[in-house]
Amino acid sequence: MFNSVMNREKCIFVTLFSYLFIIGFVQCSESDYDGPMSITLYHALNLDSEPHWESRGHMTVQNAASGYVTSHQSPLDVESTRRLKVLSDKDSFYRLKAVVKTSQGREVNFLTFVKACALVESQLKDYLTVSVDHEGSVVGVSQSTALSSCASAATEKLPSNFLTTVEFKPIEQGPVPDTASYIQKLEREREARERGETKDNRSFLAKYWMYIIPIVLFVVLSGASNPEGAGPAR
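The following paragraphs examine the structure supplied in this document. Residue numbers run consecutively from 1 along every chain, following the written order of its sequence. Only residues with pLDDT of at least 70 get local features here, since the model is predicted, and only at 80 or more are side-chain atom pairs given and counted; chain-wide, interface and lining totals rely on the full set of residues. Neither water nor hydrogens contribute to the side-chain values; these are computed over all heavy atoms in the structure.

With respect to the pairing of strand β7 (residues 138-145)
Each regular strand shows side chains that alternate between the opposite faces of the sheet.
Thinking step 1. With seven bridges connecting them, strand β6 (residues 125-132) and β7 associate as antiparallel partners. Bridge pairing in β7 places Y127 opposite S144.
Thinking step 2. Only strands joined by at least two bridges in the DSSP assignment are considered to pair. Here a strand is any run of E in DSSP of at least two residues, a helix any run of H or I of at least four, and the numbering for each starts at the N terminus. Taking the residues between adjacent antiparallel strands as the criterion, β6 and β7 are bridged by five residues, where G136 takes a positive phi near 85°.

Some thoughts on the side chain of S80
Thinking step 1. With respect to the helices and strands, S80 occurs in helix α2 (residues 78-89).
Thinking step 2. To sort residues, take the accessible area from a 1.4 Å probe on protein chains only and compare it with the maximum for the residue type: under 20% means buried, over 50% means exposed, and anything in between is partly exposed. With a relative accessible area of 9%, S80 lands in the buried category.
Thinking step 3. Whether two residues are in contact is decided by their heavy atoms, any of which lying within 4.5 Å being enough. Residues contacting S80, with those up to four places away along its chain left out, are L45 and E54.

Side note on the pattern of salt bridges
Thinking step 1. Each reported salt bridge corresponds to a side-chain nitrogen of Lys or Arg within 4 Å of a carboxyl oxygen of Asp or Glu. Scanning the model with the defined rule gives five salt bridges in all.
Thinking step 2. Within the structure, one salt-bridge network assembled from shared partners comprises E54, E79, R82 and R83.

Details of the nonpolar core
Thinking step 1. Among buried residues, the Ala, Val, Leu, Ile, Met, Phe, Trp, Tyr and Cys ones that are joined through side-chain atoms within 4.5 Å form a nonpolar core. The biggest cluster of nonpolar side chains holds 27 residues, and the ones touching the most others in it are I39, L84, Y94, V138 and V141.
Thinking step 2. Put simply, the parts of the chain that give this core at least two residues each are β1 (37-44), β2 (53-63), α2, β4 (93-101), β5 (107-115), α3 (116-121), β6 and β7.
Thinking step 3. Excluding residues within four positions of it along the chain, V141 makes contact with A98, V100, F110, L111, T112, L128, T129 and V130.

Considering a nonpolar patch on the surface
Thinking step 1. Patches in this entry comprise residues that are over 30% relatively accessible and not in a salt bridge; like charges within 9 Å are linked, as are nonpolar side chains (Val, Leu, Ile, Met, Phe, Trp, Tyr) within 5 Å. Computed with the Shrake-Rupley method and a 1.4 Å probe, the accessible areas treat only the protein chains shown as cover for residues. On the surface, a nonpolar cluster with roughly 900 Å² of combined accessible area is contributed by F204, L205, Y208, W209, M210, Y211, I213 and L217.
Thinking step 2. By the element assignment, L205 lies in helix α5 (residues 204-225).
Thinking step 3. Given a relative accessible area of 56%, L205 falls into the exposed group.

Quick notes on the environment of D77
Thinking step 1. Within the fold, D77 resides in the loop between β3 (68-73) and α2.
Thinking step 2. Distance from D77 to S160, taken between C-alpha atoms, is 7.0 Å for residues 83 residues apart in sequence.

The structure is reproduced here in structure tokens:
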């Protein structure tokens, strides 16, 4: 009977280990961003609050760690250039959507925008910052331009092609509290108090203030109720 119980517990352990291994393998595979991924760009050149997305280009990322990117963006035609200038003249925003597709086929959308006048005055030179976490997963895409503000200068002739620089930026983790060392310190202090090794270096008042204050209050109140300056009645 003892062997039967041991065999049954062994089977349960093996089954549980296999189940956890399969789950971990599936999760690692689905969050794998080490392989090639694609970034499809769409922009909105309309003034309406609801964006009308049009294809801007396509980027292929061979590896997020190395940051190697091949890009192909469609040139702006005459009508698209006119609408972009209208956005600039109206002091409106140039809206961009980046659709990131991983090697596992999963798609994630990211929205960003810049002032249209800044993009026009930058001669279509912009920057895409792709933020990735410690696993290489894309957690954000933001756009910026060479000029941070608009000079309201007359718009010169625009080039037909975007000049985009892509940068992969890992998210910096904040400092992690050293809880293990703190717990060990508390444990050592507790053991020292139990052995009587700790010394109390506080002053006399700091040690016994809770006893001194009631005595002082009692003396003051007693003196107030029995004043000594009162003379005998005549």
